[in-house]
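# Overview (structure and organization)
What follows is the residue order along each chain.
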Amino acid sequence: MNIIETRGLGKRYGGSWALRECTLAIPAGHVAALVGPNGAGKTTLLNIAVGLAAPSAGAVTVIGGRPAGSPAALDAIAFVAQDTPLYKNLSVADLLHLTRNLNRRFDDEYANARLGELGIPRERKAGDLSGGQQTQVALTLALARHPKLLVLDEPMAMLDPLARHDFMAAVMTAVADDGVSVVLSSHVLAELERVADYLVLLSSGSVQVAGEVDDLLASHRVLTGPASEADSCAERLNVVHVRRGEAQVHLLVRINGATDALPPGFEEHPVSLEELTLAYLRAPGTAALPGPERTVAAVASQVAQ
């Protein structure tokens, strides 16, 4: 079952496309990291998936084929947005009451127990809480609905390191205990590397990289060798990104098993999720997806830089 599936999805604001021909399938049972530069279309994609926006082109379904925004989809999705939208003049107790009455399913016992563990007073107005406490309240309201899909759009942007750790610990507990699928948009690559097992990278409104993290890492390597051999390597290998010094060159390459022999004078190293993500962000013309490979000319122009 796919937790989010899009086909030719597009969203236009005026004369500009935030998403264009976005085709994607995220399988259930994963913590999927959604990454990309500012303006790549991440928030637009998530807003469409949770029913807050309508597509201009294409289609999107969630949780095994339910139309995005339909009652059946909304009942199974919880969403925590970047700006933690809480009613600031309502107390925490009022927010619990409101959420309980607006949803068919809400676990009062879980919500109260979690807020108690966090030391968040129920009588305090949301606007008087710290940024970290507001985010934790928003997450508690989301998890108490026991969703099948939890969508998080930059929820940790305003949190300090300890608060980020506590936030993600709660998310991962829900994944382990309730089998919640998670789609998490974030720029904090170190956090994503610790929790994500599926990666989706958007660039210029289209999917550039998508796949299970273990598979992506296994199909890429960093090669280190003499800078003088960079041009010949570019002609022979599927180079994603080049970092060149006076004496040495570092190539992040896609490998094809035994068909890719190690060039003379080069050493091979495993790649981290952060290295992989940054390489594709710096090389937006490359795609780790089935389809046409990069041209030699495109790689050669990067090597020459």
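Okay, so let's go over this structure. Within every chain, residues take consecutive numbers counted from 1 along the sequence as written. Local features in this predicted model are restricted to residues whose pLDDT is 70 or higher, and side-chain atom pairs enter the listing and the counts only when it is 80 or higher, whereas totals over whole chains, interfaces and linings include all residues. To obtain the side-chain values, all non-hydrogen atoms of the structure were used and water was disregarded.

## Concerning the pairing of strand E9 (residues 198–203)
- The element E9 is largely enclosed, with a buried count of six among its six residues.
- A two-sided burial pattern is seen for E9, the buried positions comprising Tyr-198, Val-200 and Leu-202 on one face and Leu-199, Leu-201 and Ser-203 on the other.
- Paired strands, in this sense, are two strands between which DSSP finds at least two bridges. Here a strand is any run of E in DSSP of at least two residues, a helix any run of H or I of at least four, and the numbering for each starts at the N terminus. By the bridge criterion, four bridges tie strand E3 (residues 31–35) to E9 in an arrangement that is parallel. Residue pairing in the sheet places Val-35 in a bridge with Leu-201 of E9.
- The turn linking E9 back onto strand E10 (residues 206–212) is made up of two residues, and Ser-204 within it adopts a positive phi angle of 55°. In this scheme, a residue with accessible area under 20% of its type's maximum is buried, one over 50% is exposed, and one in between is partly exposed, where area comes from a 1.4 Å probe on protein chains only.

## Section: the side chain of Arg-114
- Relative to the elements of secondary structure, Arg-114 occurs in helix H4 (residues 108–118).
- Think of it this way: Lys and Arg go in the positive column, Asp and Glu in the negative one, and His and the chain ends go nowhere. Think of a salt bridge as a Lys or Arg side-chain nitrogen and an Asp or Glu carboxyl oxygen that are within 4 Å of each other. Comment: no salt bridge for buried Arg-114; closest opposite-charge side chain is Glu-117, at 6.0 Å.
- Here, two residues are considered to be in contact whenever any of their heavy atoms come within 4.5 Å of each other. The contact partners of Arg-114, leaving out residues within four places of it in the chain, are Gln-136, Leu-139, Thr-140 and Ala-170.

## Let's talk about the sheet that holds strand E4 (residues 57–62)
- Here four strands make up an open sheet; going across it, the order is E2-E1-E4-E5 and the pairing antiparallel. This sheet does not close on itself; its edge strands, each paired only once, are strand E2 (16–27) and strand E5 (66–67).
- Relative to E5, E4 runs antiparallel, the two sharing two bridges. In the sheet register, Thr-61 faces E5, and the bridge partner there is Pro-67.
- Interaxial angle, 0 to 180 degrees, is taken between N-to-C directions of lines fitted to C-alpha atoms, where a helix line uses only the stretch in contact. Those strands touched by helix H1 (residues 42–49) are strand E1 (2–13), E2 and E4, and its axis lies near 115° from that of E1.

## Some thoughts on the nonpolar core
- Residues grouped as a nonpolar core are buried Ala, Val, Leu, Ile, Met, Phe, Trp, Tyr and Cys residues, joined through side-chain atoms within 4.5 Å. Within the largest apolar cluster, 52 residues are counted, with the highest numbers of intra-cluster contacts made by Val-137, Leu-150, Leu-152 and Leu-199.
- Grouped together as the second largest cluster of nonpolar side chains are 29 residues, Leu-34, Ile-48, Ala-49 and Leu-149 included.

## Things to note about unusual backbone geometry
- At His-146, a residue that is not glycine, the phi angle is positive and equals roughly 50°.
- A positive phi angle, close to 55°, is found at Ser-204, a residue other than glycine.
- Among the secondary structure elements, Ser-204 is positioned in the loop between E9 and E10.
- Classification of Ser-204 as exposed rests on a relative accessible area of 63%.

## Quick look at the environment of Asn-38
- Within the secondary structure layout, Asn-38 lies in the loop between E3 and H1.
- Given the relative accessible area of 70%, Asn-38 is considered exposed.
- For the pair Asn-38 and Ser-203, spaced 165 residues apart in sequence, the C-alpha separation works out to 9.0 Å.
- Within 3.5 Å is the distance limit for a polar contact, defined as a pair of N or O atoms, with the added protein rule that one can donate a hydrogen and the other accept it, and that residues adjacent in sequence qualify only through two side-chain atoms. At 3.2 Å, the side chain of Asn-38 forms a polar contact with the side chain of His-187.

## Here's the deal with the side chain of Ser-185
- Mapped onto the elements, Ser-185 comes out in strand E8 (residues 181–185).
- Non-local contacts of Ser-185, meaning those with residues more than four positions away in its chain, are made with Leu-34, Lys-42, Leu-46, Leu-152, Asp-153, Glu-154 and Pro-155.

## Describing helix H3 (residues 92–102)
- Within H3, the full set of buried residues consists of Val-92, Leu-95, Leu-96 and Thr-99. Within H3, the buried residues cover an arc of 100° as seen down the axis, which keeps them to one side.
- Considering only its buried residues, H3 is in contact with H4 and helix H5 (131–143). Note that the arc is computed from the directions linking the helix axis to the C-beta atoms.

## Structural notes on a negative patch on the surface
- For patch building, the residue pool is restricted to those with more than 30% relative accessible area and no salt bridge; the joining distance is 9 Å between like charges and 5 Å between nonpolar side chains (Val, Leu, Ile, Met, Phe, Trp, Tyr). Calculation of accessible area relied on Shrake-Rupley with a 1.4 Å probe; when residues are assessed, cover is drawn exclusively from the protein chains displayed. For the purpose of locating charges, the reference atoms are NZ of Lys, CZ of Arg, CG of Asp and CD of Glu. Where like charges cluster on the molecular surface, the negative patch consists of Asp-197, Glu-212, Asp-214 and Asp-215.
- Its location among the elements puts Asp-214 in helix H8 (residues 213–218).

## Regarding H4
- All buried positions along H4 are accounted for by Ala-111, Arg-114 and Leu-115. Buried residues of H4, seen end-on, are gathered within an arc of 95° and therefore sit on one face of the element. Residues of H4 that are exposed and point over 90 degrees away from its buried face: Glu-109, Gly-116 and Glu-117.
- Those residues of H4 hidden inside the fold are in contact with H3, H5 and helix H6 (161–178).
- Looking at the residues trailing H4, positive phi occurs at Gly-119, about 70°.

Scope: geometric values only; no functional claims are made or implied.
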